[in-house]
Amino acid sequence: MAFEKTMRWFGDKDPIKLSDLRQIGVEGIVTALHHIPNGEVWTVDEIMKVKNKIEAHGMRWSVVESLPVSEGIKIHSDDYPRLIANYQESLRNLGRCGIDIVVYNFMPVLDWVRTDLHYKLESGVEVMYFDFPTFVAFDAFVLKRPGAENDYPAEIVAKAREVYKNMSEEEAERLAYNIIVVTQGFIDGVVDGSTPDYKKVFLSYIDRYKGIGRDQLRANLSRFLKDVVPVAEEYGINMAVHPDDPPFPVLGLPRIVSTKEDLEWIISQVDSVSNGINFCTGSLSVRSNDYILDMIKSVGHRIHFLHLRNNVLLPNGCFHEYGHIEGCVDMYEVAKALLIEQRRRIREGLKDKDIRMPVRPDHGVKMLDDYTREANPGYPLIGRLKGLAELAGLEMGIERSL
Ligand code: CS2
Ligand code: MN
C-alpha cells in the first residue's frame, strides 16, 4: 500500500488538462464544481458530469476540494438554515455518486494569502512569498481598514509603514488585486477582475465579523460540524478540514484551524471518523516545525488527505514556498509517520476511504515550460510534477525500508 497519488484540477478552464495529468500517472483527481456559486446545492447531475469526465480519462475523483463553507455559515447569519440544508444536500449527493473525501476550510473571508506570487529564486524558478509587513501595509494603508494597526505587533506595523512608503500607487493596487482577486482566496468568490470596487466589497465582508471573536467562531464551527458530520457519516464521506494559511490571524479576524490544539479541539467536537483533517504541511509548518510531527502523533488517526509541500521560514512571520522535499519540514519524518499510520489502518481492517490517504503536491514552483503556460497561482504543471515524483520516490524508499 502507499498513498493515492493525486493532482488538483480546476475544471475545463484549467490550462492543464486531464489528459496531461493522466500522463503523469496520477490515480486520482482533486477538484470541485467550480462553476456552482457558493451556497448552492451540488446536484447529482452536475457531480456526475465531472465524475464521468475524470473517469473517461482513466482516473478517479479522489477528493472534493473544496465544498465551500459560505460566509453565512461561518458567521451563523440568518440565512444559516438554508445554507446548511444546501450543504447537507450537496454532501448527500456526493455520497450518492460514490465520492468519499470532502475538503472544507473555516477561514474567515480570505483563504490562503501571499504578498508576492512571482518571487524569483536565484536558480530562475518562481515561488510564492508571504511578507508579513507587506501584508500589513496592504491591510492598514492600502485597504485602510479602520483599526488595522492595532491588530498586529507594533514592530511589524513599523516595518509595514516603511514598505508602504516605498510602494508606488501602481504597486499598491497590484498588491490588493493579487490578494483579493487573483489567488481566488476571497471565500464567497463574489469578486472578479471586472468588479470595480472590489476593495469595498472585501471590507464589507470583513465588517460582517464584528463581534465574532475566537470563541464565537469556534462555536460556529462546532455547530457546523454537528450539523454536517452525521450526514457525511451516513453517506460514507470523510470530511477533512484544511488548516489556515498562514496559520495566524490576519485582517483582525480570528483563525481557529492553526495549531495542534486547534486540530485536537476540532476532532473532539464530533467523535466520528468522518470528522477529519486535510493535513497541509505547507500551512501547518509556518509556526514551528517539530510541531508537525507532534500533530501526527496526536491527530494522525483522523487525517484523510495530505497536502505535502515545503517552506523556507524567515524572520518576522515571513516565509516563502520551496518545493516539496527540502525546507523547514522534515519530509522524510513526516512521510514515514504517515505511512506507519496507514499501515495501522490496514492492520485494523478499516474501510477503503479511511486507508487510501490521497496525497497531492500542494502548490509547486514555477519552472521550465511552466513559463509558457499560465496556470492558476501555485498550480504550474512541471513544478508539481517534480514534487509528486520526489514524494513518490521518497515514499517508495521509506516503504521498502519499513
Ligand atoms: C489550497 C487551499 O491552494 C491552496 O493553498 O490548499 O486553497 C485549499 O484548497 C482550501 O483552503 C481548502 O478549502
Ligand atoms: Mn494546502
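So, how was this worked out
Residues numbered from 1 in each chain as written. Chains lettered and ligands numbered in written order. Predicted model: local features only at pLDDT ≥ 70, side-chain atom pairs only at ≥ 80, totals over all residues. Helix = DSSP H or I, 4+ residues; strand = E, 2+ residues; numbered from the N terminus. Buried ≥ 20, exposed ≤ 12 C-beta atoms within 10 Å, placed from the backbone. Contact = placed C-beta atoms within 7 Å. Near = placed C-beta within 6 Å. Nonpolar A, V, L, I, M, F, W, Y, C, P; charged D, E, K, R; others polar. Expected span 1.5 Å × (residues − 1). Arc of directions from axis to C-beta. Pairing = 2+ DSSP bridges. Axes fitted to C-alpha atoms, helices over the stretch in contact; angles between N-to-C directions. Domains from an automatic or database assignment.

*Asks:* I'm lost on the overall build of the protein in this one. Help?
*Replies:* Counting secondary structure elements, the protein contains 15 helices and 12 strands. Dimensions along the principal axes, computed over C-alpha positions, put the protein at roughly 60 × 50 × 40 Å. By the burial criterion, 44% of the 402 residues in the protein qualify as buried. A sequence separation of at least 24 residues applies to 70% of the contacts in the protein between residues at least 6 apart.

*Asks:* What should I look at first to understand the site of ligand 1 in this one?
*Replies:* In the region of ligand 1, 13 residues are neighbours, and S66, N105, D111, W112 and H242 sit closest. A total of 3 residues in the shell around ligand 1 trace back to one element, the largest contributor, which is strand β4 (residues 101-105). Looking at the shell around ligand 1 residue by residue, the classes come out as 4 nonpolar, 5 polar and 4 charged.

*Asks:* What's the story with helix α7 (residues 169-182) in this structure? I'm lost.
*Replies:* Every α-helix carries 3.6 residues per turn, so stepping three or four residues along brings you back to the same face. For α7, with 14 residues, the first-to-last C-alpha span of 18 Å sits near the 20 Å given by 1.5 Å per residue. Taken as a whole, α7 has its buried residues at L175, I179 and I180. The buried residues of α7 occupy an angular sector of 105° when the element is viewed end-on, so they sit on one face. α7 presents E169 and E170 as exposed residues on the side facing more than 90 degrees away from its buried surface. Looking at the buried side of α7, the elements it contacts are α5 (132-142) and α8 (198-207).

*Asks:* I keep staring at the sheet that holds strand β6 (residues 126-130) and nothing clicks. Help me out?
*Replies:* Sheets are built from strands that pair by backbone hydrogen bonding, the pairs being arranged parallel or antiparallel. The 4 strands are arranged β5-β6-β11-β10 in an open sheet whose pairing can be described as antiparallel. Sheet topology places β5 (116-120) and β10 (311-313) at the edges, where each strand pairs with a single neighbour. Between one strand axis and the next, the sheet turns through 35° on average, direction left out of account. Of the strand pairs in this sheet, β6 and strand β11 (residues 319-321) are connected by 2 bridges, and their pairing is antiparallel. Each residue of the ladder has a partner; that of Y129, found in β11, is H320.

*Asks:* I would appreciate a short explanation of the environment of C318 in the present structure.
*Replies:* The residue C318 is located in the loop between β10 and β11 in this model. The spatial distance from the C-alpha of C318 to the C-alpha of Y129 is 7.8 Å, given a sequence separation of 189 residues. The residues contacting C318, other than those within four sequence positions of it, are F130, D131 and F132.

*Asks:* Help me out: how do you make sense of the domain arrangement of the protein in this one?
*Replies:* In many analyses, interface size is given as the accessible surface area lost on bringing the parts together. Here the protein is partitioned into domain 1 (4-111 + 211-401) and domain 2 (116-207). Taken over C-alpha atoms, the centre of domain 1 sits 24 Å from the centre of domain 2. Top contributing element to the side of domain 1 that touches domain 2 by residue count: β11, with 3 residues. Classifying every residue of the side of domain 1 that touches domain 2 gives 13 nonpolar, 8 polar and 4 charged.

*Asks:* Hey, could you run me through the sheet that holds β4 in this one?
*Replies:* One open sheet accounts for 8 strands, arranged β1-β2-β3-β4-β7-β8-β9-β12; its pairing is parallel. Either end of the sheet is taken by a strand with one partner, and the two such strands are β1 (6-8) and β12 (359-361). The mean inter-strand angle of the sheet, taken between neighbouring strand axes irrespective of direction, is 25°. Looking at chain direction, β4 and strand β7 (residues 238-242) are connected through 5 bridges and run parallel. Bridge pairing in β7 links V103 to A240. Seen against the sheet, helix α15 (residues 381-401) touches β1, β9 (303-308) and β12 and runs at an angle of roughly 135° to β12.

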